[in-house]
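# Residue-level structure breakdown
Now for the letters of each chain:
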Amino acid sequence: MLRTSASRVLDDNDRDEVLALLDSDPVANVFVSSRVRAVGLNPARLGGQMWGFGTRGGLVSLCYAGANLVPVNAGPEAVHAFADRARKQGRRCSSIVGPVDAVSLLWERLEPHWGRARAIRWAQPVMATSHKAPVRSDPLVRRVRPEEFETLLPACVAMFTEEVGVSPNLGDGGVLYRTRVAELIRIGRSYARIDDGRVVFKAEVGAVTPYACQIQGVWVAPELRGKGHAAAGMAAVVEAAMSCFAPIVTLYVNDYNHSARAVYRKVGFREVDTFMSVLF
């Protein structure tokens, strides 16, 4: 039994211990680790709080509480502590996402207080690869240039709407989403095949650490699906990601998206974990 049953808000004094815990599972924790490495633990820079469970020097679990609520290495006792803090704070996140056991228990504790979710993705296989794809990559997939932002943006909006079930333009008119798309282009983590001003395939490297990087936003123009663009495009992005960012490339996908899972397996990805997402 831990000496404390309550969570606490962490700060930059906890950074080394936080990173050591995150690095114990670099694939599952790539998103949170990327955020901490980029901006530290100051809430103003982090865009939320990092909650810790365990004493200083004995940290065992984390929970990133920002736009997403993301438990890390959280057993039942830690989940209960994080749920108590989240309940008292009130819902500020647009989703809960992370390992299925922790998220399911967290949601069980929070649902009576937060109300029904808009959607629940009960099983999302986490997939990873550390090898060059065994299929031919598309030589026309490349980094998106800043001047191509307006060309890429409609494809990004279409992908988000299809995947999440709501448009990213709701609420603030899409300001935050446009900023994120532009930022990924600016830092060279947005890839696409663009033929005569039309986006054929696109994907982004959304999170990066020295050990792993996470691909997100994979999309093929609907009228061009089933023609091999997804596999060839993903092969190109995997090759670029391993060359430029990290030795392990990962992503997670809805379990019912059988076509996407088949493409990722063809490219060399293997299932290594299972996530769950609760969407608001």
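What you see is a predicted model, and the numbers here were worked out from it, not measured in a lab.

### What to know about the UniProt feature "domain: N-acetyltransferase" (unreviewed entry) in the protein chain
Under the UniProt annotation, "domain: N-acetyltransferase" (unreviewed entry) lies at residues 139-280. Summarising residues 139-280: 38% helix, 30% strand, and an end-to-end C-alpha distance of 39 Å.

### Points about the nonpolar core
Counting residues in hydrophobic clusters, the biggest one holds 47 residues, and the most contacted among them are Tyr264 and Phe269. Elements with a contribution of two residues or more to this core: helix 6 (149-164), helix 7 (175-186), strand 8 (190-195), strand 9 (198-208), strand 10 (212-220), helix 8 (229-244), strand 11 (248-252) and helix 9 (258-267). The residues contacting phenylalanine 269, other than those within four sequence positions of it, are Met127, Ala128, Thr129, Ile215, Met234, Val238, Val249, Thr250, Leu251 and Tyr264.

### Details of the side chain of asparagine 254
Following the sequence through the fold, asparagine 254 ends up in the loop between strand 11 and helix 9. Its relative accessible area of 3% is what places asparagine 254 among the buried residues. Separated by 2.9 Å, the side chains of asparagine 254 and glutamine 124 make a polar contact. Here glutamate 163 takes part through its side chain, which lies 3.1 Å from a polar atom of the side chain of asparagine 254. Other than its neighbours up to four places away in sequence, asparagine 254 contacts Arg121, Ala123, Gln124, Pro125, Glu163 and Arg261.

### Overview of the pairing of strand 8
Taken across its six residues, strand 8 has five buried, putting it largely inside the fold. Bridge count between strand 7 (residues 142-143) and strand 8: two bridges; the pairing is antiparallel. Across the sheet, residue arginine 142 finds its bridge partner in strand 8, namely alanine 192. In the sheet, strand 8 pairs with strand 9 via six bridges, with the strands oriented antiparallel. When the bridges of strand 9 are listed, alanine 192 appears paired with lysine 202. Counted between consecutive antiparallel strands, the loop separating strand 8 from strand 9 contains two residues, among which aspartate 196 sits at a positive phi close to 50°.

Rules used throughout
- Residues numbered from 1 in each chain as written.
- Predicted model: local features only at pLDDT ≥ 70, side-chain atom pairs only at ≥ 80, totals over all residues.
- Heavy atoms only, no water.
- UniProt positions renumbered as here; feature names shortened; annotations may be inferred.
- Helix = DSSP H or I, 4+ residues; strand = E, 2+ residues; numbered from the N terminus.
- Core = buried A, V, L, I, M, F, W, Y, C linked by side-chain atoms within 4.5 Å.
- Buried < 20%, exposed > 50% of the residue type's maximum accessible area, 1.4 Å probe, protein only.
- Contact = heavy atoms within 4.5 Å.
- Polar contact = N/O pair within 3.5 Å; in protein donor to acceptor, adjacent residues only side chain to side chain.
- Pairing = 2+ DSSP bridges.

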